[in-house]
Amino acid sequence: MGKTHKKIVMAGVCCLMISMLTGCGNDTTKITEGMQLVETLDYQGALTAFDEAEAQKENSRLIARGRGIASMGLTEYDQAVQYFTEALELSDGWVQNVDYDMNYYLAAAYRKNGQPAEAKKVYDAILGLKPEEKDAYFLRGSAELELGDYESAKADFDKAISMDPKNYDRLIEIYEALADYGYREVGQEYLQNVLNTAKQLDAYDSGRIYYYLGDYQKAYLALEEAKGKGGVDSYLYLGKAYAATGDYNYASSVYSNYLSKQGPDAEIYNQLGLCEMAKKDYQKALEAFQAGKQIEGNSLMQTLSFNEIVAYEYLQDYQKAAVLLKAYLQNYPDDQAAIREQQFLSTR
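Residues numbered from 1 in each chain as written. Predicted model: local features only at pLDDT ≥ 70, side-chain atom pairs only at ≥ 80, totals over all residues. Heavy atoms only, no water.

## Some remarks on the overall build of the chain
Of regular secondary structure, the chain possesses 20 helices and zero strands. For 348 residues, the compact-globule formula gives about 20 Å, and the C-alpha radius of gyration of the chain, at 23 Å, lands near that figure. Its C-alpha atoms put the chain at 60 × 55 × 40 Å along the principal axes. Put simply, the chain has 348 residues, and 46% of those count as buried. Accessible surface, the chain: about 17,600 Å² in total, of which carbon and sulfur atoms supply 47%. Separation of charge centres in the chain, based on 35 positive and 52 negative side chains, amounts to 2 Å. (Helix = DSSP H or I, 4+ residues; strand = E, 2+ residues; numbered from the N terminus. Rg over C-alpha atoms; globule rule 2.2 N^0.38 Å. Buried < 20%, exposed > 50% of the residue type's maximum accessible area, 1.4 Å probe, protein only. Areas by Shrake-Rupley, 256 points an atom, 1.4 Å probe, with all protein chains shown as cover. Lys, Arg positive; Asp, Glu negative; His and termini not counted. Charge placed at Lys NZ, Arg CZ, Asp CG, Glu CD.)

## Here's the deal with the packing of aromatic side chains
For the structure on display, the rule yields 16 aromatic pairs. A ring pair is formed by Tyr211 and Tyr212, whose centres lie 5.1 Å apart and whose planes are at 75°; its orientation type is edge-to-face. By relative accessible area, which is 19% here, Tyr211 ends up buried. Plain terms: the ring middles of Tyr242 and Tyr250 are 4.3 Å apart, the flat faces sit at 55° to each other, and that makes the pair tilted. We classify Tyr250 as partly exposed; its relative accessible area is 33%. The structure contains a cluster of three or more aromatic residues connected by ring pairs, namely Tyr175, Tyr204, Tyr211, Tyr212, Tyr216 and Tyr237. Positioned over the ring face of Tyr100 is Lys130, at 4.8 Å from the centre of the ring. (Phe/Tyr/Trp six-rings, centres within 6.5 Å; stacked < 30°, edge-to-face > 60°. Lys NZ or Arg CZ within 6 Å of the ring centre and 35° of its normal.)

## Observations regarding the environment of Cys275
Locating Cys275 in the fold gives a position in helix H16 (residues 266–278). Among residues more than four places away in sequence, those in contact with Cys275 are Ala243, Tyr248, Ala251, Ser252 and Tyr255. (Contact = heavy atoms within 4.5 Å.)

## Description of the nonpolar core
Of all hydrophobic cores here, the largest spans 44 residues; its most connected members are Phe157, Leu178 and Tyr190. Sorting elements by how many residues they give to this core places helix H10 (residues 168–180) first, with eight residues. Among the nonpolar cores identified, the runner-up in size contains 38 residues, and Tyr77, Val81, Ile126 and Ala136 belong to it. (Core = buried A, V, L, I, M, F, W, Y, C linked by side-chain atoms within 4.5 Å.)

## Here's the deal with the side chain of Asn103
Inspection of the secondary structure puts Asn103 in helix H6 (residues 97–112). When its relative accessible area of 0% is taken as the criterion, Asn103 is described as buried. Looking at Asn103, its side chain comes within polar contact range of the main-chain oxygen of Asp99, at 2.8 Å. (Polar contact = N/O pair within 3.5 Å; in protein donor to acceptor, adjacent residues only side chain to side chain.)

## Comments concerning helix H17 (residues 282–293)
Each α-helix winds once per 3.6 residues, and so residues spaced three or four apart point in a common direction. Here H17 spans 17 Å end to end across twelve residues, near enough to the 16 Å set by a 1.5 Å rise per residue. Taken residue by residue, H17 has Tyr282, Ala285, Leu286, Ala288, Phe289 and Gly292 as its buried positions. Buried residues along H17 cover an arc of 160° about the axis, so they all sit on one side. Here the buried face of H17 lies against H16 and helix H18 (301–314). (Expected span 1.5 Å × (residues − 1). Arc of directions from axis to C-beta.)

## Let's talk about the environment of Ala278
Its place among the elements puts Ala278 in helix H16. Residues Ala278 and Tyr248, 30 residues apart in the sequence, show an inter-C-alpha distance of 7.2 Å.

## Quick word on the packing of helix H5 (residues 77–89) against H6
For the pair H5 and H6, the least separation of the axes is 9 Å and the interaxial angle reads 160°. When the axes of H5 and H6 are compared, the pair comes out roughly antiparallel. The way H5 lies across H6 gives a crossing that is left-handed. Packed against H5, whose contacting residues are Tyr77, Ala80, Val81, Phe84, Thr85, Ala87 and Leu88, the element H6 presents Asp99, Met102, Asn103, Tyr105, Leu106, Ala109, Tyr110 and Lys112 at the interface. Tallied by class, residues from the contact of H5 with H6 come to eleven nonpolar, two polar and two charged. (Axes fitted to C-alpha atoms, helices over the stretch in contact; angles between N-to-C directions. Parallel < 35°, antiparallel > 145°, perpendicular 65-115°, else oblique. Left-handed = near helix turned anticlockwise from the far one by under 90°. Nonpolar A, V, L, I, M, F, W, Y, C, P; charged D, E, K, R; others polar.)

## Considerations on the confidence of the model for the chain
Of all residues in the chain, 92% attain a pLDDT of 70 or more, and the chain-wide mean is 89. For the stretch residues 1–25, pLDDT sits under 50, and the model shows 50 contacts to residues farther than four places along the chain or on other chains. (pLDDT = per-residue confidence, 0-100.)

## Looking at the pattern of salt bridges
Applying the stated criterion to the full structure yields 23 salt bridges. Notably, a salt bridge pairs Arg61 with Asp99, separated by 2.7 Å at the nearest N-O pair. Remark: Asp99 occurs in helix H6 and Arg61 occurs in helix H4 (residues 60–73); sequence separation between them is 38 residues. Note on Arg61: relative accessible area 6%, which makes it buried. The buried category is assigned to Asp99, whose relative accessible area is 4%. (Salt bridge = Lys/Arg side-chain N within 4 Å of Asp/Glu carboxyl O.)

## Regarding the packing of helix H15 (residues 248–262) against H16
Where H15 contacts H16, the two axes come as close as 9 Å, and the packing angle between them is 155°. Classified by the angle their axes make, H15 and H16 are roughly antiparallel. Both H15 and H16 take part in a crossing whose hand is left-handed. Taken together, the residues of H16 that come into contact with H15 (itself represented by Tyr248, Ala251, Ser252, Tyr255, Ser256, Tyr258 and Leu259) are Ile268, Tyr269, Gln271, Leu272, Cys275, Glu276 and Ala278.

Written as structure tokens, this is what we have:
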């Protein structure tokens, strides 16, 4: 176990105190500005704000934390690891909420940097202090899958499920993680067990579980019922179920119906665009992706931006696609699919 991991464990042996981060440098004006810039994906601007925070002697731990997050945005994962490690080493010996937060970030940076073994050590340290951390079991299981340790991963997934058996969002995350590493049937066993044992499973949850089991008819029948409650996720899964059967026209109508009744939603626009792409109506697809991008603060900006580029390619507007792709890679330089697209466009 490395120095940082020893530090958090030793601090826990001394005393576990859960509190907000306090101490020298309580003014966080520039730190707040930097985190706001992170939210807008202006990572270089955020780093400048954190430099100014340091000059003004604001909270050094939060500065290092902010620099780590900005570095992750810039895909500079080695640097992010250093910043998160620095932030943890600035501890005064008491374990606080922010320490767990930064350890989760540190583990994420290790995984992004292709170091799942180091990430696992961080999750081990977290669980050594807080064995009730359900997220850590799931994330450690995911890291163990990366390491090829299926048995340990399954044990951690089993633990995460046993601690929160009605958390179907987490169950689906576990299914997706297993499927990504070639254990789809194991993931489906988890899902089928819910259908077999859960009492009073509502239409939405049963519908999306049927969707991941590949039983699309049962999925859309359940989701049609759930749609009446008006939740966006019900519409998303309903459309996906119809699209999975090849009925892109009906899937598009599901998404369009939601937008007309409930208003703009980035995920709905993205799925609508994908349906229009499947129907080879690339102009409508482009309009859907661009409409989604207009929604401020949406979490799908990267996906929508990439899909917009692909739509321009299908419209044979290669010049526009190349311009957008250049800007895209400045924000997301480690996107391998985008790098391949750039190579493709260079031949057009």
